[in-house]
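Structure at a glance
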Amino acid sequence: YNCDVSVHSKLEIVLKQIIKTHPEINSLVSNAGYGNFGPIENFSTLQINNFMDTNLISHMVITKLLLPHFKKIKIGDIIFIGSEAGLLGGKNGSLYCAAKFGLRGFSQALSKDVSNKNVRVSIINPGMVRTDFFKNLNFEPGSDKQNTISIEDISSTVAYILNLSRNTVVDEINLSPSKKVIKFK
């Protein structure tokens, strides 16, 4: 299914279609986002709104739309892919960090809201992963393999959370590369 997650009105249509076509769906791995870094005064109000729509609000809207289904079928897992930027603010990261801190807070509060509904909520906060995320940014991870987390390690972490017994909830997992090196372009 293709959908621009920042267009929230279309999300509702797509998610209703997904639930209708796949009524057995019981998990969400929410990984929407892109990077935009710099001093906050360099961003227009429109840029700020669009950024928050994709990096924070879309996660909330998708969750809002899927949660009644999970409650109805009496089982669900919601895993947000956050960022190490949600743990500690960084220079020129005010916009990105605000979205990731918000996602982390949303995850924590939501977990408490649904704990008695057999719906588990987790957040994975990876450091730098070598992906297209850095394509339009002025920095990227260092070239050594040890400067990044592998996509496979993130997907293995998702699988680990999903395969735990239902009486275990992983609130949060932080993943860091063994060596943090940033290369500026």
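All of these numbers come straight from a predicted model, not from anything done at the bench.

1. Structural notes on the pattern of salt bridges
Per the counting criterion, the structure on display carries six salt bridges. Between Asp77 and Arg120 there is a salt bridge; the shortest N-O distance is 2.7 Å. Here the residue Asp77 occupies a position in strand β2 (residues 76–81), and Arg120 occupies one in strand β3 (residues 119–126), the gap between them amounting to 43 residues. For the pair Asp77 and Arg120, a shared accessibility class is recorded, and that class is buried. Measuring nitrogen to oxygen at the nearest pair gives 3.1 Å for the salt bridge that ties Lys183 to Glu140. In this pair, Lys183 is assigned in strand β6 (residues 182–184) and Glu140 in strand β4 (residues 139–141), connecting sequence segments 43 residues apart. Through salt bridges with shared partners, a single ionic network connects Asp77, Arg120 and Arg166.

2. Some points on unusual backbone geometry
Residues other than glycine seldom take positive phi values, yet Lys74 does so here, at roughly 65°. Within the secondary structure, Lys74 is located in the loop between α2 (45–73) and β2. Using a relative accessible area of 61% as the deciding quantity, one classes Lys74 as exposed. Of note in this structure, Asn118 is not a glycine but carries a positive phi near 60°. Secondary-structure assignment places Asn118 in the loop between α3 (94–114) and β3. Among the residues examined, Asn118 registers a relative accessible area of 30% and is labelled partly exposed.

3. Comments concerning the nonpolar core
Residues Ile62, Leu66, Ile78, Phe80 and Leu110 are the most contacted members of the largest nonpolar core, which totals 32 residues. Counting residues per element, the ones that place at least two in this core are α1 (8–21), α2, β2, α3 and β3. With nine residues, the single largest contributor to this core is α2. Not counting chain neighbours up to four residues away, the residues in contact with Ile78 comprise Leu28, Thr63, Leu67, Phe70, Leu110, Val119, Arg120, Val121 and Ser122. Grouped together as the second largest cluster of nonpolar side chains are 11 residues, Ile79, Ile81, Ile124 and Ile154 included.

Definitions and cut-offs
- Residues numbered from 1 in each chain as written.
- Predicted model: local features only at pLDDT ≥ 70, side-chain atom pairs only at ≥ 80, totals over all residues.
- Heavy atoms only, no water.
- Salt bridge = Lys/Arg side-chain N within 4 Å of Asp/Glu carboxyl O.
- Helix = DSSP H or I, 4+ residues; strand = E, 2+ residues; numbered from the N terminus.
- Buried < 20%, exposed > 50% of the residue type's maximum accessible area, 1.4 Å probe, protein only.
- Core = buried A, V, L, I, M, F, W, Y, C linked by side-chain atoms within 4.5 Å.
- Contact = heavy atoms within 4.5 Å.

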